[in-house]
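# Breakdown of the fold
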Amino acid sequence: MKLGLSLGYSGPQLRLPLEKIKLAERLGYDSVWTAEAYGSDAITPLAFVAAHTERIRLGTAVIQLAGRTPANAAMAFATLDQLAGGNRAICGLGVSGPQIVEGWYGQLWGRPYYRIKDYVAIMKKIFAREEPVTHEGKEISLPFTGEGAMGIGKPLKSIMHMNPDIPIFLGTGMESTVRLTAEIADGWLPLGFVPETANLYDDWIAEGLAKADKSPADFELQAGTQVQITDDVQGALDALKPGIALYVGGMGHKTKNFHKEMMIRRGFGDAAERIQELFLAKRKDEATAAVPNEFVDQGALVGPKERIRKRFRDWEDSGVTGLTISGDEAAVRLMAECARLNFAAE
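## What to know about the overall build of the chain
Along its length, the chain carries 14 helices and 12 strands. Here the C-alpha radius of gyration of the chain, 20 Å, is about what a compact globule of 346 residues would show, namely 20 Å. C-alpha extents for the chain along the principal axes are approximately 65 × 50 × 45 Å. Counting only residues that meet the buried cut, the chain has 47% of its 346 residues in that class. Taking the intrachain contacts of the chain between residues at least 6 apart in sequence as the baseline, contacts between residues at least 24 apart amount to 72%. About 16,700 Å² of surface is accessible on the chain, with carbon and sulfur atoms providing 52% of the total. Charged side chains of the chain number 39 positive and 44 negative; the gap between the two group centres comes to 3 Å.

Here you go:
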């Protein structure tokens, strides 16, 4: 199982942990991942990281579809790929949610399934450079012919010769979009994946792969977890609960919250409803307290080193091809030991 390092997105200021990134590369980590919400973007930091590293893959988990046209996303990743020396960029895409799509980007939420499908198809056509790009989609078309169009849009082919094999990963979680991910994408960035419920997705992935006549060997599954080495297990679990309460309770509309739906899918339906009820009532401390220990512990690697090593084996057996970790330098080193990576310079 490969390891990745999560950088996430910025707070009030953007600071990249460059020494930790370099350490991860020396220890044999496969990838480093950025994210975006409504502050720092996810692609620009990877260009900076590329300038200070040699081989580690550079992925987004995720860029938001509404923030860029598919042509702009393709241009950005093709540029990053060439700046980084080739075959290092991974384009991780996600739809975000209607509050951000319509509230931040001013774009129509539309039909996410078809928007994802059109977006990926257009990007792959642009990367391939086989002919000037045209696409007649249910959500996105090139050239644009919708309301207000002048009708003189011209199909174009990229001036720059792009890497046709830049992988596209999708951050999805619902049955239809997970199946679509296996069909059209090169990898999956699952929301809330844990070993205990890994089998929930087996049929969806198998059906998507079969539809595209793809082998499981052609498809990567990059899950994520947080790592903290400590003797205070309960304290570590409690420290993660405010973030979970925020996402389950308030990151999305009451009737459209993918994080809440994920919690329900994992078997914590009553807790999910209670967390959202309390959070939306501005009782955030109570919402945090309502997050079950078991739910947190399933998705994190916390505790003494031996506890983490034992739990790590469950992740190795879960079917994921890669695990992206968040943690300090001690956690980065321990995970390298658990994954038995090559220590090139340690």
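Additional details are given in the paragraphs that follow.
## Here we look at the packing of helix α3 (residues 70-83) against helix α5 (residues 112-128)
Where α3 contacts α5, the axes come no closer than 9 Å and their chain directions differ by 45°. Here α3 is positioned oblique relative to α5, judged by the angle of their axes. Crossing geometry of α3 relative to α5 is assigned as right-handed. The segment α3 lies against α5, with Pro70, Ala71, Ala73, Ala74, Phe77 and Ala78 engaging Tyr119, Ile122, Met123, Ile126 and Phe127. Partitioning the contact of α3 with α5 into residue classes produces 11 nonpolar, no polar and no charged.

## A look at the layout of surface pockets
Taken as a whole, the second largest pocket spans an internal volume of roughly 410 Å³. Taken together, 18 residues form the lining of the second largest pocket, with Leu65, Arg68, Gln107, Arg115 and Ile140 sitting closest to its centre. Contributing elements (two or more residues each) for the lining of the second largest pocket: α3, α5 and β7 (141-142). With three residues, the top contributor of residues to the lining of the second largest pocket is α5.

## Re helix α14 (residues 329-339)
Helical geometry note: an α-helix holds 3.6 residues per turn, so side chains three or four residues apart project in the same direction. Listing the buried residues of α14 in full gives Ala331, Val332, Leu334, Met335, Ala336, Cys338 and Ala339. For α14, the elements touching its buried residues are β1 (2-8), α1 (18-27), β10 (220-229), β11 (300-303), α13 (305-316) and β12 (322-326). Here α14 starts with a cap whose side-chain oxygen sits 3.2 Å from the backbone nitrogen of Ala330, and that cap is Asp328. Trailing α14 by a residue or two, Arg340 shows a phi angle of about 55°, which is positive.

## With respect to the nonpolar core
Counting 75 residues, the largest nonpolar core has Tyr29, Leu93 and Met335 as its most contacted members. In contact with Leu93, not counting residues within four places along its chain, are Val62, Ile63, Leu65, Tyr119, Val120, Met123, Ile168, Phe169, Leu170 and Gly171. Among the nonpolar cores identified, the runner-up in size contains 20 residues, and Ala236, Met263, Ile275 and Ala300 belong to it.

## Let's talk about the environment of Ala73
As for its position among the elements, Ala73 is in helix α3. For the pair Ala73 and Leu93, spaced 20 residues apart in sequence, the C-alpha to C-alpha distance is 9.6 Å. Residue contacts for Ala73: discarding those within four places in its chain leaves Ile63, Arg68, Tyr119 and Met123.

## Looking at the pattern of salt bridges
Evaluation of the coordinates by the stated rule reveals 19 salt bridges. For Arg179, the salt bridge is made with Glu207, and the minimal N-O distance between the two is 2.8 Å. One end of the pair, Arg179, is in helix α6 (residues 175-184); the other, Glu207, is in helix α7 (residues 202-211), with 28 residues separating them in the sequence. Judged by its relative accessible area of 40%, Glu207 falls in the partly exposed class. Through salt bridges that share partners, Asp30, Arg57 and Glu220 make up one connected network.

About the criteria used
- Residues numbered from 1 in each chain as written.
- Predicted model: local features only at pLDDT ≥ 70, side-chain atom pairs only at ≥ 80, totals over all residues.
- Heavy atoms only, no water.
- Helix = DSSP H or I, 4+ residues; strand = E, 2+ residues; numbered from the N terminus.
- Rg over C-alpha atoms; globule rule 2.2 N^0.38 Å.
- Buried < 20%, exposed > 50% of the residue type's maximum accessible area, 1.4 Å probe, protein only.
- Contact = heavy atoms within 4.5 Å.
- Areas by Shrake-Rupley, 256 points an atom, 1.4 Å probe, with all protein chains shown as cover.
- Lys, Arg positive; Asp, Glu negative; His and termini not counted.
- Charge placed at Lys NZ, Arg CZ, Asp CG, Glu CD.
- Axes fitted to C-alpha atoms, helices over the stretch in contact; angles between N-to-C directions.
- Parallel < 35°, antiparallel > 145°, perpendicular 65-115°, else oblique.
- Left-handed = near helix turned anticlockwise from the far one by under 90°.
- Nonpolar A, V, L, I, M, F, W, Y, C, P; charged D, E, K, R; others polar.
- 1 Å grid on protein atoms, 1.4 Å probe; cavity = no way out; pocket = protein on both sides within 12 Å on 5 of 7 lines; lining within 4 Å.
- Points joined across faces, edges and corners; volume = space filled by probe spheres on them.
- Polar contact = N/O pair within 3.5 Å; in protein donor to acceptor, adjacent residues only side chain to side chain.
- Core = buried A, V, L, I, M, F, W, Y, C linked by side-chain atoms within 4.5 Å.
- Salt bridge = Lys/Arg side-chain N within 4 Å of Asp/Glu carboxyl O.

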